[in-house]
Amino acid sequence: DPDRKTEVVLLACGSFNPITNMHLRLFELARDYFHETGKYKVIKGIISPVGDAYKKKGLISANHRVTMAKLATKNSDWVEVDDWESCQSEWLETLKVLRYHHQKLLSADVTNSLQDAVPITKLGRKRKQEPNRHEPIKKKNQSPVLKSVPQVKLLCGSDMLESFGIPNLWKLEDITEIVEKHGLVCISRAGNNAQKFIYESDVLWRHKNNIHLVEEWIPNDISSTRIRRALRRGQSIRYLVPDVVRVYIEQHRLYSPESEDRNAGVVLAPLQRNATDPRSSQALN
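Below: a short report on this structure. (Residues numbered from 1 in each chain as written. Predicted model: local features only at pLDDT ≥ 70, side-chain atom pairs only at ≥ 80, totals over all residues. Heavy atoms only, no water.)

### Some thoughts on the sheet that holds strand β2 (residues 40-49)
Thought 1: The six strands lie next to each other as β3-β2-β1-β4-β5-β6, forming an open sheet whose pairing is parallel. The outermost strands of the open sheet, each flanked by one partner alone, are β3 (79-81) and β6 (211-216). Each neighbouring strand pair of the sheet contributes to a mean axis angle of 25 degrees, computed without reference to strand direction.
Thought 2: The sheet contact formed by strand β5 (residues 184-189) and β6 spans six bridges and is parallel. For isoleucine 187, the partnering residue across the bridge sits in β6 and is valine 214.
Thought 3: Each of β1 (6-14), β2, β3, β4 (151-157), β5 and β6 touches helix α1 (residues 21-37); the most contacted strand, β2, lies at about 160 degrees to it.
Thought 4: Running at roughly 125 degrees to β4, helix α7 (residues 172-182) makes contact with β4, β5 and β6 of the sheet. (Pairing = 2+ DSSP bridges. Helix = DSSP H or I, 4+ residues; strand = E, 2+ residues; numbered from the N terminus. Axes fitted to C-alpha atoms, helices over the stretch in contact; angles between N-to-C directions. Contact = heavy atoms within 4.5 Å.)

### Notes on the pairing of β5
Thought 1: In terms of burial, β5 is largely enclosed, as five of its six residues are buried.
Thought 2: The sheet contact formed by β4 and β5 spans four bridges and is parallel. When the sheet's bridge partners are listed, leucine 154 is paired in β5 with leucine 184. (Buried < 20%, exposed > 50% of the residue type's maximum accessible area, 1.4 Å probe, protein only.)

### Let's talk about α1
Thought 1: Here α1 spans 25 Å end to end across 17 residues, near enough to the 24 Å set by a 1.5 Å rise per residue.
Thought 2: Of the residues making up α1, those classed as buried are Met22, His23, Leu26, Phe27, Leu29, Ala30 and Phe34. Along the axis of α1, the buried residues cluster in a sector spanning 170 degrees; they form a single face.
Thought 3: N-capping of α1 is provided by threonine 20, with a side-chain oxygen placed 3.1 Å from the backbone N of methionine 22. (Expected span 1.5 Å × (residues − 1). Arc of directions from axis to C-beta. Polar contact = N/O pair within 3.5 Å; in protein donor to acceptor, adjacent residues only side chain to side chain.)

The structure is reproduced here in structure tokens:
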């Protein structure tokens, strides 16, 4: 019964500096995995590029990164780009971005069920004068159909999972809430140590049913760092990024030795914020 399947929205947060074919593959791999379980239906993928306030070395402006991501997903019928996170003046914890998208789905859901419940056309004067008549009259034996709100799961590569272990990068309670309330989908190379990493963390182990490890049998080692290096050296990046992205980078001459030096010597936003917070330094040990 297709209606019994849990609906899932996949959210990928990151620099996307620039977006590559590997980023897009993560979505495809995760969707295949969920559909093969027979229990889930992936209804949407969201790419949320980090804002400039993240202060990562070599991070070019969010405006360009969002535009490239939009170009890259123009032909996708299910993956879209959301620029809410990148428009914030301050850096936002990943958990807050997850909560935002969860909330957005909740309010969309409420709006839909209200529209289903109250026939708009019948809100005449008579209805307004009778304050107690706002429940729609139910037909006999008609129970309200409560569709659960889609789950927003954080989509990541094994490098992000392992970054949970870096002191001051994540708050322990954030990691806990991510795996407890939302869930992680981690794409890892066949034979990667993601499982060992989960085993060695009490928090992750406790919520391991909410961490989906997806094995990537066709390894794809493209990384944004390597793409930028090739560009600085005047080498071709064709077939590593979507062609529209390659053209955009060339037109705007986006990556250079100068751009790679942006934020050099600046402390990464989460490290700045969390270094002063004793709760975060525990990380996952």
